[in-house]
Amino acid sequence: MTELQLVVAHAAKLALLALIAGIVWRGRARLCWSFALYAVVTLTGNVIVSLWPSRFLTPSFWVVKQGVYDVLKMAIALELAFRAFAAFPGAARTARAVVLALLTLSTLVLAFLTLVSSYRTLWVWQPSVATAALWLLAATALMVVWYQVPVHDFQRAIMLGLAPYLLVFVALLGLLERRGWGAWQPIATLGTIAYLALVVFWAWAAWRVDLPAAAPLARAA
């Protein structure tokens, strides 16, 4: 890991700590419990890898860690969809149908294309899970716009931050696959910087004091 990567990684830990503090202090955890859990688990994983690299910086732990992160990303997308449409029965029926279709497709893709757990899963499992979560977030956002469903600004910030980050994440994995491990350092640096920007944005949203109780994601013209 380069000096720049170390600096950005430590900055990301501080940003995660600020995010968790903001979630607790402003009472944002109730808006998306899976997101609060994701923030805590991500910070914990980053800290233990930094403190004990000889023990935890291994392929087996990496696979487990990424698997947990992936499950929590999917949980975030599902919880946001559920919360957005829970109070709107008509919209909720459409949302459930869309989510069910996306989950079925994602499950089939992961079941038939995922390799045995190892670093090789980087090329199949990671893009598939990230893309599935991205589909769910995009579908939720589109239905929120279509039905003009009011959502809290912090929930909107979660979606607006996570969706483009997942897109960048998948793009970087594709670039690494094409260029090979010789391009690992610059691509990893870009990924770390993108993650830092994401967490800083979330921390800013968590600490904002002028968030209304509920605000529409968008209004139809």
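Everything below is about the structure printed above this text.
Reference entry: report on the structure contained in this document. Every value quoted in this text rests on a predicted model; they were computed, and no experiment measured them.

Reading guide: rules and limits
Residues numbered from 1 in each chain as written. Predicted model: local features only at pLDDT ≥ 70, side-chain atom pairs only at ≥ 80, totals over all residues. Heavy atoms only, no water. Helix = DSSP H or I, 4+ residues; strand = E, 2+ residues; numbered from the N terminus. Buried < 20%, exposed > 50% of the residue type's maximum accessible area, 1.4 Å probe, protein only. Contact = heavy atoms within 4.5 Å. Core = buried A, V, L, I, M, F, W, Y, C linked by side-chain atoms within 4.5 Å. Expected span 1.5 Å × (residues − 1). Phe/Tyr/Trp six-rings, centres within 6.5 Å; stacked < 30°, edge-to-face > 60°. Lys NZ or Arg CZ within 6 Å of the ring centre and 35° of its normal. Salt bridge = Lys/Arg side-chain N within 4 Å of Asp/Glu carboxyl O.

1. As for the overall build of the chain
1) Next: In terms of regular secondary structure, the chain is built from 8 helices and 2 strands.
2) Next: For the chain, the N- to C-terminal ordering of α and β elements is α-α-α-α-α-α-β-α-α-β.
3) Next: Counting over 221 residues, the chain shows a buried share of 46%.
4) Next: Here the analysis covers contacts within the chain between residues at least 6 apart in sequence; of these, 82% occur between residues at least 24 apart.

2. Considering the nonpolar core
1) Next: Counting residues in hydrophobic clusters, the biggest one holds 44 residues, and the most contacted among them are Leu-19 and Phe-35.
2) Next: With 10 residues, the single largest contributor to this core is helix α7 (residues 153-179).
3) Next: Among all residues touching Leu-19, those that are not within four sequence positions of it are Phe-35, Ala-39, Val-199, Trp-202, Ala-203 and Ala-206.

3. So, the side chain of Thr-189
1) Next: Tracing the backbone through its elements, the reader meets Thr-189 in helix α8 (residues 184-207).
2) Next: Thr-189 has contacts with Thr-2, Leu-4 and Gln-5, leaving out every residue within four places of it along the chain.

4. A word on helix α2 (residues 33-51)
Every α-helix carries 3.6 residues per turn, so stepping three or four residues along brings you back to the same face.
1) Next: In this model α2 runs 27 Å from its N-terminal to its C-terminal C-alpha over 19 residues, within 8% of the 27 Å that 1.5 Å per residue would give.
2) Next: Among all positions in α2, only Ser-34, Phe-35, Ala-36, Tyr-38, Ala-39, Thr-42, Leu-43, Gly-45 and Val-49 are buried.

5. Side note on the packing of aromatic side chains
1) Next: A full pass over the atoms with the stated rule returns 7 aromatic pairs.
2) Next: Ring geometry for Phe-35 against Trp-202: centres 4.7 Å apart, planes inclined by 85 degrees, an arrangement best described as edge-to-face. With a gap of 167 residues between them, Phe-35 in helix α2 and Trp-202 in helix α8 connect regions that are remote in the sequence.
3) Next: Grouped by ring-pair contacts, the aromatic residues Phe-35, Tyr-38, Tyr-69, Phe-154 and Trp-202 constitute a single cluster.
4) Next: Geometry around Phe-169 places Lys-73 over its ring, the cationic atom sitting 5.1 Å from the centre.

6. Side note on helix α1 (residues 3-25)
1) Next: Between its terminal C-alpha atoms α1 stretches 33 Å, which fits the 33 Å expected from 23 residues at 1.5 Å a residue.
2) Next: Those residues of α1 that fall on the buried side of the exposure criterion are Gln-5, Val-8, Ala-9, Ala-12, Lys-13, Ala-15, Leu-16, Leu-19, Ile-20, Gly-22 and Ile-23.
3) Next: One or two steps after α1, the chain reaches Gly-27, where phi turns positive at roughly 70 degrees.

7. So, the pattern of salt bridges
1) Next: Considering all chains together, one arrives at 2 salt bridges under this definition.
2) Next: For Glu-79, the salt bridge is made with Arg-83, and the minimal N-O distance between the two is 2.7 Å. Of this pair, Glu-79 and Arg-83 both sit in helix α4 (residues 59-85), separated by 4 residues, roughly a single helical turn.

It is worth stressing that arrangement in space is one thing and function is another; only the former is reported here.
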